[in-house]
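What follows is each chain in one-letter form.
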Amino acid sequence: MPDGNLTLTLSDETASRIAEKAKALGMPVEHLAAMLLDQHFFDPRDVEWANGDPDQPLPPLDVNEPTHAWEDVKGELQAQRAGASRKRA
């Protein structure tokens, strides 16, 4: 099956549950079924992660690292997000 085509036969119950969830999400049944299978068989070891392996524990927090109040950084963060949104549009 190198072209990616595959025909599956599901139980009535499974097909019904997928159809109900797809309807609630507003997506085609086939798309949701494919997403669920992709998630089930996804293996993080098959991916090159930009920021390191997500299975590795994070380093301990540095309690001496300076922090900033939300009020002090909120405006800057919102401006960055607005700029990123404009670039995508």
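This is a predicted model, so every value here is computed, not measured.

(A) Representation of the overall build of the protein in the model. When helices and strands are counted, the protein shows 3 helices and 0 strands. Tracing the protein from N to C terminus, the helices and strands come up as α-α-α. Here the C-alpha radius of gyration of the protein, 21 Å, is well above what a compact globule of 89 residues would show, namely 12 Å. The dimensions of the protein, computed from C-alpha atoms along their principal axes, are 55 × 30 × 25 Å. Of the roughly 8,700 Å² of accessible surface on the protein, 55% is carried by carbon and sulfur atoms. Placing the 9 positive and 16 negative side-chain charges of the protein at their respective mean positions leaves the two points 11 Å apart.

(B) Inspection of the pattern of salt bridges at higher detail. In total, this model carries 2 salt bridges according to the counting rule given. Notably, a salt bridge pairs Glu13 with Arg17, separated by 3.9 Å at the nearest N-O pair. Of this pair, Glu13 and Arg17 both sit in helix H1 (residues 12-25), separated by 4 residues, roughly a single helical turn. The exposure class of Arg17 is exposed, given its relative accessible area of 58%. With a shortest N-O distance of 2.8 Å, Arg45 and Asp43 are connected by a salt bridge.

(C) Region of the structure containing H1. In a regular helix each residue adds 1.5 Å, so 14 residues correspond to 20 Å; H1 covers 20 Å between its end C-alpha atoms and thus fits that length. Taken from the residues just after H1, Gly26 is the one with a positive phi, measuring 70 degrees.

(D) Layout of the packing of aromatic side chains. Across all of its chains, the model carries 1 aromatic pair by this definition. Between the aromatic rings of Phe42 and Trp49, the centroid separation amounts to 6.5 Å while the plane-to-plane angle is 85 degrees, which identifies the pairing as edge-to-face. A relative accessible area of 37% places Trp49 in the partly exposed class.

(E) Summary view of the environment of Ala19. Relative to the helices and strands, Ala19 resides in helix H1. Remark: the alpha-carbon pair of Ala19 and Leu32, spanning 13 residues in sequence, is separated by 8.5 Å.

(F) The arrangement of the packing of H1 against helix H2 (residues 29-41) in detail. Relative orientation of the contacting elements H1 and H2 amounts to 110 degrees, with a least axis distance of 9 Å. Judged on the interaxial angle alone, H2 and H1 are roughly perpendicular. Contacts between H1 and H2 pair Ile18, Ala19, Lys21, Ala22 and Leu25 from the former with Val29, Leu32, Ala33 and Leu36 from the latter. Per-class residue counts for the contact of H1 with H2 are 8 nonpolar, no polar and 1 charged.

What counts as what
- Residues numbered from 1 in each chain as written.
- Predicted model: local features only at pLDDT ≥ 70, side-chain atom pairs only at ≥ 80, totals over all residues.
- Heavy atoms only, no water.
- Helix = DSSP H or I, 4+ residues; strand = E, 2+ residues; numbered from the N terminus.
- Rg over C-alpha atoms; globule rule 2.2 N^0.38 Å.
- Areas by Shrake-Rupley, 256 points an atom, 1.4 Å probe, with all protein chains shown as cover.
- Lys, Arg positive; Asp, Glu negative; His and termini not counted.
- Charge placed at Lys NZ, Arg CZ, Asp CG, Glu CD.
- Salt bridge = Lys/Arg side-chain N within 4 Å of Asp/Glu carboxyl O.
- Buried < 20%, exposed > 50% of the residue type's maximum accessible area, 1.4 Å probe, protein only.
- Expected span 1.5 Å × (residues − 1).
- Phe/Tyr/Trp six-rings, centres within 6.5 Å; stacked < 30°, edge-to-face > 60°.
- Axes fitted to C-alpha atoms, helices over the stretch in contact; angles between N-to-C directions.
- Parallel < 35°, antiparallel > 145°, perpendicular 65-115°, else oblique.
- Contact = heavy atoms within 4.5 Å.
- Nonpolar A, V, L, I, M, F, W, Y, C, P; charged D, E, K, R; others polar.

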